[in-house]
Amino acid sequence: MAGEEIEIDLDDIERRMNGALSVLRQEFASLRTGRASAVMLDPLMVSAYGTSLPLNQCGTVSVPDPRMIAVSVWDKGLVDSVVKSIHESGLGINPIVEGTLIRLPIPELNEERRRELSRVAAQYAENARIAIRNVRRSGIEEVKKAKGDGMSEDDAHIWSDEIQELTDTVIAKVDSALESKKTEIMQV
């Protein structure tokens, strides 16, 4: 191995860190902010046909106006399961059933609910930071292993610094996303 460069796959580390950021953005999209969004229902699973299906595979989700989400369930037998899933979701929305159409009026958020949603958003961001730090740790362990396989002390230090720099950049993106989501939630 003497004289041979040992490479650390920074692209893979960056891809995994950005994956955590992507999950965070999906979680933020599911937080309701007083405006109707079909994405709010994406995480909901419906008990159907002896299995668990995403809600969007049981019906058509649409947003007819800014304060209403409509779910047109394809199978009349699934209406009760969809309603149950919405009730158990913790979204705080009371469905109105009209045959196979379920209307979900989005109520105004009160100050207490806004603060609660801000705390939930902060928790989502913290989970993303933890995931990013776990990726950093595995990258640093990769560097230590490479050092044991003959990587020079200087190269190991350079790789560690690059991994830390990447971590700082992605965590800054998480913090920025959290701040803009908190601003959106607290907007009246």
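Residues numbered from 1 in each chain as written. Predicted model: local features only at pLDDT ≥ 70, side-chain atom pairs only at ≥ 80, totals over all residues. Heavy atoms only, no water.

Caption draft 1: View of the sheet that holds strand β6 (residues 101-105). Spatially, the four strands line up as an open sheet ordered β3-β4-β6-β5, and their pairing is antiparallel. Lying at the two open borders of the sheet, with one neighbouring strand each, are β3 (59-65) and β5 (96-98). Averaged over all adjacent pairs, the angle separating strand axes in this sheet is 25 degrees, with direction ignored. With three bridges joining them, β5 and β6 adopt antiparallel strand pairing. Its bridge partner being in β6, Val-97 is matched across the sheet by Ile-102. The strands that helix α2 (residues 79-88) touches are β4 (68-73), β5 and β6; relative to β6, the one it contacts most, it runs at about 15 degrees. (Pairing = 2+ DSSP bridges. Helix = DSSP H or I, 4+ residues; strand = E, 2+ residues; numbered from the N terminus. Axes fitted to C-alpha atoms, helices over the stretch in contact; angles between N-to-C directions. Contact = heavy atoms within 4.5 Å.)

Caption draft 2: Looking closely at the nonpolar core. Core analysis: the biggest nonpolar cluster contains 30 residues, and Ile-8, Ile-13, Phe-28 and Met-151 have the highest contact counts within it. Secondary structure elements with two or more residues in this core: α1 (10-30), α3 (111-148) and α4 (153-186). Ranked by residue count, the leading element in this core is α4, at 10 residues. Counting residues in hydrophobic clusters, the runner-up holds 22 residues, among them Ala-48, Cys-58, Val-73 and Ile-102. (Core = buried A, V, L, I, M, F, W, Y, C linked by side-chain atoms within 4.5 Å. Buried < 20%, exposed > 50% of the residue type's maximum accessible area, 1.4 Å probe, protein only.)

Caption draft 3: Here's a closer look at the pairing of strand β2 (residues 51-54). In this sheet, β2 lies alongside strand β1 (residues 45-48) in antiparallel orientation, the contact comprising four bridges. Bridged to Ser-47 within β2 is Ser-52. From the end of β1 to the start of β2, which pair antiparallel, there are two residues, and Tyr-49 there has a positive phi angle of about 55 degrees.

Caption draft 4: Highlighting a negative patch on the surface. Side chains of Asp-9, Asp-11, Glu-14 and Glu-142 sit close together on the surface and give a patch of like negative charge. Residue placement: Asp-9 occurs in the segment before α1. (Patch = residues over 30% accessible without salt bridge, like charges linked within 9 Å, V, L, I, M, F, W, Y side chains within 5 Å. Areas by Shrake-Rupley, 256 points an atom, 1.4 Å probe, with all protein chains shown as cover. Salt bridge = Lys/Arg side-chain N within 4 Å of Asp/Glu carboxyl O. Lys, Arg positive; Asp, Glu negative; His and termini not counted. Charge placed at Lys NZ, Arg CZ, Asp CG, Glu CD.)

Caption draft 5: Here's a closer look at the packing of α1 against α3. Packing of α1 against α3 leaves a shortest axis separation of 9 Å and a crossing angle of 170 degrees. What the angle tells us is that α1 and α3 run roughly antiparallel. On α3, the residues touching Ile-13, Arg-16, Met-17, Ala-20, Leu-24, Glu-27 and Phe-28 of α1 are Ala-121, Tyr-124, Ala-125, Ala-128, Ala-131, Ile-132, Val-135, Arg-136, Ser-138 and Gly-139. Tallied by class, residues from the contact of α1 with α3 come to 12 nonpolar, two polar and three charged. (Parallel < 35°, antiparallel > 145°, perpendicular 65-115°, else oblique. Nonpolar A, V, L, I, M, F, W, Y, C, P; charged D, E, K, R; others polar.)

Caption draft 6: View of the environment of Gly-50. Its location among the elements puts Gly-50 in the loop between β1 and β2. Distance from Gly-50 to Lys-144, taken between C-alpha atoms, is 48 Å for residues 94 residues apart in sequence.

Caption draft 7: Main features of the packing of α3 against α4. The interhelical angle for the contact between α3 and α4, taken along N-to-C directions, is 170 degrees, at an axis separation of 10 Å. Comparing their axes, α4 and α3 come out roughly antiparallel. For the contact of α3 with α4, the residue count by class is 17 nonpolar, five polar and 11 charged.

Caption draft 8: The pairing of β4, seen in detail. Counting buried positions along β4 gives five out of six residues, so the element sits mostly inside the fold. With five bridges connecting them, β3 and β4 associate as antiparallel partners. Of the residues in β4, the one forming a bridge with Val-61 is Val-71. The loop that links β3 with its antiparallel partner β4 comprises two residues.

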